Amino acid sequence: MDREESNGTCQSHEASAARFVARFAADEAEIMESLRLRYRVFAQELGARLASASAGIDADPFDVHCRHLVVRDSWSGEIVASTRLLTDVEAAAAGGFYSQGEFDLRFLGTLPGRKMEVGRTCVAPAFRNGAVIATLWSRLAACVVDEGIDHLFGCASIGLDDGPDYAHAVMDYLTGNYLSPAAQRVKPFLAMPNGSSTGKPNPPPRLPPLLKAYVSLGARACGEAYWDQDFNCLDVFMLLDVASLEPRYRRRFLPASARTDAIASAA
């Protein structure tokens, strides 16, 4: 199924950074390639317990409702990064957003405008560099503009391989510097394990790449993290008001018309 054509949105234009090209999966074969990449990263590399592991893929009931954005290496032809997008319209058909299985998200109903969830983002180990993630975010930004999305959100993970103290240090840093307004807080259904709170770390802890990308764009952490035991990580619910996108990223990722609209709506 060609999800771009079936939805009539986010069509045709591609973002590229030299050898890397981002596009929406064009058919089931390309979606399966994305699911196999997710399996290699989440299950084989990070040790996640997946219900779909016997098939060598990472899949759940939300995948059929999502659009799968992939980055392909034009040299090898392989998919080296992927994420999936679920808009408010698609979430209605899916029975809600994926994040609603981890957090009480009633506050989302108070946010004006259109909403989109970003999830299951992963990058192959050899390609975790600025070019690949920039290519992915650039194509995502184009989709945000095409569909008139006002709020972008998703779960950014903190691995627990380094222990809960590291996770608490990251959370202390986020809540001390990038906390959302009180009206935009979430409550996790399973709280993070005990650890030593470090106050405001100095120097700041090393942030996981996706979490770093979120805060660089201007996203806010919406409170306490969810403990995902299957993935051995903490999930932080991150929310980006598109009108508040950091100026340097607005200039880089958004066309001039969209930059003007965003500035006007923020005024």
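Look up: the structure comes first, before these words.
Residues numbered from 1 in each chain as written. Predicted model: local features only at pLDDT ≥ 70, side-chain atom pairs only at ≥ 80, totals over all residues. Heavy atoms only, no water.

## Some details on the nonpolar core
One recurring pattern in soluble globular proteins is that nonpolar side chains are buried together.
Reasoning step 1: Counting 58 residues, the largest nonpolar core has I158 and M238 as the members making the most contacts within it.
Reasoning step 2: Other than its neighbours up to four places away in sequence, I158 contacts Y166, A167, V170, M171, P208, L211, C233, L234 and V236.
Reasoning step 3: F103, L108, C155 and V186 belong to the second-largest nonpolar core, a separate cluster that totals 17 residues. (Core = buried A, V, L, I, M, F, W, Y, C linked by side-chain atoms within 4.5 Å. Buried < 20%, exposed > 50% of the residue type's maximum accessible area, 1.4 Å probe, protein only. Contact = heavy atoms within 4.5 Å.)

## Description of the side chain of S180
Reasoning step 1: Tracing the backbone through its elements, the reader meets S180 in the loop between α5 (164-177) and β8 (187-188).
Reasoning step 2: Residue classification places S180 among the buried residues on the basis of a relative accessible area of 1%.
Reasoning step 3: If near-sequence neighbours (up to four positions away) are discounted, S180 is found in contact with R185, R220, A221 and C222. (Helix = DSSP H or I, 4+ residues; strand = E, 2+ residues; numbered from the N terminus.)

## Side note on the state of the cysteines
Reasoning step 1: This structure, assessed with the given rule, holds 0 disulfides.
Reasoning step 2: Sulfur of C155: no disulfide; nearest cysteine sulfur belongs to C233 and is 8.8 Å away.
Reasoning step 3: Given a relative accessible area of 16%, C155 falls into the buried group. (Disulfide = S-S within 2.5 Å.)

## So, the environment of F42
Reasoning step 1: Secondary-structure assignment places F42 in helix α2 (residues 28-45).
Reasoning step 2: Residue class for F42 comes out buried when judged on its relative accessible area of 10%.
Reasoning step 3: Spatially, the C-alpha atom of F42 lies 8.1 Å from that of C122, the residues being 80 residues apart in sequence.
Reasoning step 4: Discounting residues that sit within four places of it in the chain, F42 has contacts with G47, A48, D58, R120, T121, C122 and F231.

## A look at the packing of aromatic side chains
Reasoning step 1: Inspection of every chain in the model, using the stated rule, returns 10 aromatic pairs.
Reasoning step 2: Ring geometry for Y173 and Y178: centres 5.9 Å apart, planes at 65°, overall edge-to-face.
Reasoning step 3: Ring pairs connect the aromatic residues F97, F103, F107, F153, Y226 and F237, which therefore count as one cluster.
Reasoning step 4: Above the ring of F24, the side-chain terminus of R67 is found at 6.0 Å from the ring centroid.
Reasoning step 5: Taking the ring centre of Y98 as reference, the NZ or CZ of R84 above it sits at 5.4 Å. (Phe/Tyr/Trp six-rings, centres within 6.5 Å; stacked < 30°, edge-to-face > 60°. Lys NZ or Arg CZ within 6 Å of the ring centre and 35° of its normal.)

## Concerning the pattern of salt bridges
Reasoning step 1: Applying the stated criterion across every chain, the model contains 17 salt bridges.
Reasoning step 2: Its salt-bridge partner being D63, residue R38 comes within 2.9 Å of it at the nearest N-O pair. Of this pair, R38 sits in helix α2 while D63 sits in the loop between α2 and β3 (67-73), placing them 25 residues apart in sequence. Each member of the pair, R38 as well as D63, is classed as buried.
Reasoning step 3: Across the pair R206 and D162 runs a salt bridge whose closest N-O atoms are separated by 3.3 Å. On the criterion of sequence distance, the pair formed by R206 in the loop between β8 and α6 (209-217) and D162 in the loop between β7 (149-159) and α5 is long-range, its members being 44 residues apart. Here R206 and D162 have matching classes, each one exposed.
Reasoning step 4: The network of salt bridges with common partners includes R38, D58, D60, D63, R84 and R120. (Salt bridge = Lys/Arg side-chain N within 4 Å of Asp/Glu carboxyl O.)

## Thoughts on the pairing of strand β11 (residues 233-241)
Reasoning step 1: Burial within β11 is extensive, with 8 of its 9 residues counted as buried.
Reasoning step 2: As paired strands, β7 and β11 are joined by 9 bridges and run antiparallel to one another. Note on β11: the bridge partner recorded for G154 is M238.
Reasoning step 3: Judged from the 2 bridges that link them, strand β9 (residues 220-221) and β11 form a sheet pairing that is antiparallel. In the sheet register, A221 faces β11, and the bridge partner there is M238.
Reasoning step 4: Here strand β10 (residues 226-228) runs beside β11; their pairing, made up of 3 bridges, is antiparallel. When the sheet's bridge partners are listed, W227 is paired in β11 with L234.
Reasoning step 5: In textbook terms, the turn of a hairpin is the stretch between consecutive antiparallel strands, and for β10 and β11 this stretch comprises 4 residues, one of which, N232, has a positive phi near 50°. (Pairing = 2+ DSSP bridges.)

## As for empty space enclosed by the protein
Reasoning step 1: For the structure on display, the rule yields 2 cavities of 30 Å³ or more.
Reasoning step 2: A volume near 30 Å³ is recorded for the second largest cavity.
Reasoning step 3: Contributing to the lining of the second largest cavity are T83, V118, T121, L136, W137 and L140.
Reasoning step 4: Looking at the lining of the second largest cavity, the elements with two or more residues in it are β6 (114-123) and α4 (130-147).
Reasoning step 5: The leading source of residues in the lining of the second largest cavity is α4, at 3 residues.
Reasoning step 6: Here the residues of the lining of the second largest cavity are counted per class, giving 4 nonpolar, 2 polar and no charged. (1 Å grid on protein atoms, 1.4 Å probe; cavity = no way out; pocket = protein on both sides within 12 Å on 5 of 7 lines; lining within 4 Å. Points joined across faces, edges and corners; volume = space filled by probe spheres on them. Nonpolar A, V, L, I, M, F, W, Y, C, P; charged D, E, K, R; others polar.)

These results come straight from atomic positions and should not be treated as a statement about function.
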